Amino acid sequence: MVLKASLNARERRHRRVRKRIFGTAERPRLAVFRSLKHIYAQLIIDGESRTVLSVSSLDPQLRTAGVDGKSDMARRVGQLLGERAIAAGIEACVFDRGGYLYHGRVAALAEGARAAGLKF
């Protein structure tokens, strides 16, 4: 019962945030999803319903690196996403935290993307 209530609360927060956030070709939406073990991030152009770029902790480039925990992995996912976005010509985006609190792994992913040069 408690799990269902927390999932419903996250869904409500996510819908509330998505009312105001919209990804364009100039500034795609950086959407974050986190599971218990992994974290996923993707750049989305909402007008075209198209994912431009996606990176997750399951990426082969990240699986071989030594990691000190889930927050460190999230930071590396953010850095890799930022590097690939800059290489693809995307310099800025809007951040969609997906209804999660801006804390822990979500904040680490955002810091990693900013460190790579991506602007929000």
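Rules used in this analysis
- Residues numbered from 1 in each chain as written.
- Predicted model: local features only at pLDDT ≥ 70, side-chain atom pairs only at ≥ 80, totals over all residues.
- Heavy atoms only, no water.
- 1 Å grid on protein atoms, 1.4 Å probe; cavity = no way out; pocket = protein on both sides within 12 Å on 5 of 7 lines; lining within 4 Å.
- Points joined across faces, edges and corners; volume = space filled by probe spheres on them.
- Helix = DSSP H or I, 4+ residues; strand = E, 2+ residues; numbered from the N terminus.
- Nonpolar A, V, L, I, M, F, W, Y, C, P; charged D, E, K, R; others polar.
- Pairing = 2+ DSSP bridges.
- Axes fitted to C-alpha atoms, helices over the stretch in contact; angles between N-to-C directions.
- Contact = heavy atoms within 4.5 Å.
- Salt bridge = Lys/Arg side-chain N within 4 Å of Asp/Glu carboxyl O.

1. Observations regarding the layout of surface pockets
Here comes step 1: Roughly 280 Å³ of internal volume is contained in the largest pocket.
Here comes step 2: Along the walls of the largest pocket sit L3, S6, L7, R10, R13, F33, R34, S35, L36, G99, Y100 and L101, which together make up its complete lining.
Here comes step 3: Counting residues per element, the ones that place at least two in the lining of the largest pocket are helix 1 (2–18) and strand 1 (29–34).
Here comes step 4: With 5 residues, helix 1 is the largest single contributor of residues to the lining of the largest pocket.
Here comes step 5: Looking at the lining of the largest pocket residue by residue, the classes come out as 6 nonpolar, 3 polar and 3 charged.
Here comes step 6: Approximately 160 Å³ is the volume found for the second largest pocket.

2. Concerning the sheet that holds strand 4 (residues 94–96)
Adjacent strands of a sheet form backbone hydrogen bonds with each other and so pair up, either parallel or antiparallel.
Here comes step 1: An order of 3-2-1-4 is seen for the 4 strands of this open sheet, with the pairing classed as mixed. In this open sheet, the two strands that pair with only one neighbour each are strand 3 (50–56) and strand 4. On average, each strand axis in the sheet is tilted by 20° relative to the strand beside it, whichever way the strands run.
Here comes step 2: For strand 2 (residues 39–45) and strand 3, the ladder comprises 6 bridges, and the chain directions are antiparallel. Note that in strand 3 the partner of Q42 across the bridge is S54.
Here comes step 3: Running over the sheet, helix 3 (residues 70–87) touches strand 1, strand 2 and strand 3 and is turned about 140° from strand 3.

3. With respect to the pattern of salt bridges
Here comes step 1: For the structure shown, the criterion picks out 8 salt bridges.
Here comes step 2: In this structure, D46 engages R18 in a salt bridge whose closest nitrogen and oxygen atoms are separated by 3.7 Å. In this pair, D46 is assigned in the loop between strand 2 and strand 3 and R18 in helix 1, connecting sequence segments 28 residues apart.
Here comes step 3: Put simply, R18, R29, D46 and D96 are held in one network by salt bridges that share partners.

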